[in-house]
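Structural features, examined
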Amino acid sequence: MVMSRIILAIDPYKDVEIKELIARLTRVKSYIVGIKLGLPFIVRYGIMGVRSIIEEACDLEHIILDFKLADIAPIMISAIEPFIDVGINEAIAHAFIGLKGGLQELKEYLNKNNIRLILVISMSHPGSIDVIDHSLNELIRVAERVKPYGIVVPATRPRIIRMVREKLLSRGIFVKIYSPGIGAQGAEPGSALRAGADYEIIGRAILFSHKPEEIAMRIAEIHEKLVD
Ligand code: BMP
């Protein structure tokens, strides 16, 4: 068994059927530590689809619901509510919505339901520099106050991973860093871990390659050398 830090992003691709996604998940399961399901998956396959994927992934450590929530608290809570009992244990929201009437109530609700909160601090696409990255310091302060379990910081800009990690550590804050952007978006496997991330969120490069298990195994081997 290889020690990996791969969170598999399971997003639909073209008209692939859910059976096929489950089959691919089964092939790579021993090389990953978690899965992430987002809005495209739920729009396409519904809550039944979520249940059938989680049935296959239930022994993994991280089962993440990624709605990238960004709304007032009651609306975010009502979006999560139908998924409380399906087996998720982590949920993603945007940090920029702030605490009062937003993340504070969401965090309380998730805590009650044993679901860990992950906040998006910066994004992997180039457009993140237009608005989001100008507010990095404020977003880090939101994270300091909310104390989420984890934050999303992109593998495509390792400099930001280093900066966020150092800032939080210097203030005595320990959060897990989840980094998307490996493979299809250009970052090298292992590069985010080297910059200070805890997990690499990877989708297409594994799920839709011709040899998913071979790619996942190779990345897991890279990870094994980087973590103790
Ligand atoms: P891929 O490895 O196929 O590029 O998928 C990346 C995954 O990470 C997608 O599910 C996407 O929603 C997510 N993601 C991202 O790419 N950039 C971000 O800034 C935040 C994300 O959650």
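The structure under discussion appears in the preceding block.
Cut-off values and rules
- The numbering scheme is per chain: residues are counted from 1 as the chain's sequence reads.
- Where local features are concerned, this predicted model is filtered to residues with pLDDT of at least 70; where side-chain atom pairs are given and counted, the filter is 80 or more; whole-chain, interface and lining totals use all residues.
- Side-chain descriptors were evaluated using all non-hydrogen atoms of the structure, hydrogens and water having been removed beforehand.
- Between the rings of Phe, Tyr and Trp (Trp by its six-membered ring), a pair exists once the centres lie within 6.5 Å; its type follows the angle of the planes, with under 30 degrees stacked, over 60 edge-to-face, and the other angles tilted.
- Think of it as a cone above the ring: NZ of Lys or CZ of Arg counts as a charge over the ring if it is within 6 Å of the ring centre and within 35 degrees of the ring normal.
- Residues are counted as near a molecule or strand when any one of their heavy atoms sits within 4 Å of it.
- In protein, a polar contact means a hydrogen-donor-capable atom and an acceptor-capable atom, both N or O and within 3.5 Å, with residues adjacent in sequence counting only if both atoms are side-chain atoms; elsewhere, any N or O pair within 3.5 Å suffices.
- Using a 1.4 Å probe, accessible areas were evaluated by the Shrake-Rupley method; residue-level cover was limited to the displayed protein chains.
- The numbering of helices and of strands both runs from the N terminus, where a helix is a DSSP run of H or I of at least 4 residues and a strand a run of E of at least 2.
- Working definition: with a 1.4 Å probe on protein chains only, accessible area under 20% of the residue-type maximum means buried, over 50% means exposed, and in between means partly exposed.
- Strand pairing is assigned whenever DSSP detects at least two bridges linking the two strands.
- Throughout, right-handed denotes a crossover for which the path from the first strand over the helix to the second runs clockwise when the strands point away from the viewer.
- Contact between two residues is taken to exist if any of their heavy atoms lie within 4.5 Å; hydrogens are not considered.

Observations regarding the packing of aromatic side chains
Aromatic ring pairs are defined here through the distance separating the ring centres and the angle between the ring planes. Overall, the coordinates contain four aromatic pairs when judged by the stated rule. Positioned over the ring face of tyrosine 149 is arginine 116, at 4.4 Å from the centre of the ring.

Some remarks on the site of the ligand
In the vicinity of the ligand lie 14 residues, with Asp11, Lys36, Lys68, Ser124 and Arg204 positioned nearest. Here an oxygen atom of the ligand sits 2.8 Å away from a polar atom, N or O, in the side chain of lysine 68. Arginine 204 is positioned such that a nitrogen or oxygen atom in its side chain is 2.7 Å from an oxygen atom of the ligand. Surface burial for the ligand is 89%, taken as the share of its 470 Å² of free accessible area covered by protein chains. Of all the secondary structure elements, the ones that give two or more residues to the shell around the ligand are strand S3 (62–69) and strand S8 (199–202).

Some remarks on the pairing of strand S1 (residues 6–10)
By the criterion of burial, S1 is predominantly enclosed, with five of the five residues buried. Residues Ile6, Leu8 and Ile10 of S1 are buried on one face, and the alternating residues Ile7 and Ala9, pointing to the opposite face, are buried as well. Of the strand pairs in this sheet, S1 and S8 are connected by three bridges, and their pairing is parallel. Bridging from a neighbouring strand, leucine 8 pairs with isoleucine 202 of S8. At this point the chain moves from S1, through helix H1 (residues 18–28), to the parallel strand S2 (residues 34–38), and the crossover so formed is right-handed.

Comments concerning the side chain of serine 124
Topologically, serine 124 is positioned in the loop between strand S5 (116–120) and helix H5 (136–146). With a relative accessible area of 15%, serine 124 lands in the buried category. Side chain to side chain, serine 124 and glutamine 185 meet in a polar contact 2.6 Å long. Not counting residues within four places of it along the chain, the set of residues in contact with serine 124 comprises Pro154, Thr156, Arg157, Pro180, Gly181 and Gln185.

Nothing here speaks to function; it is all geometry.
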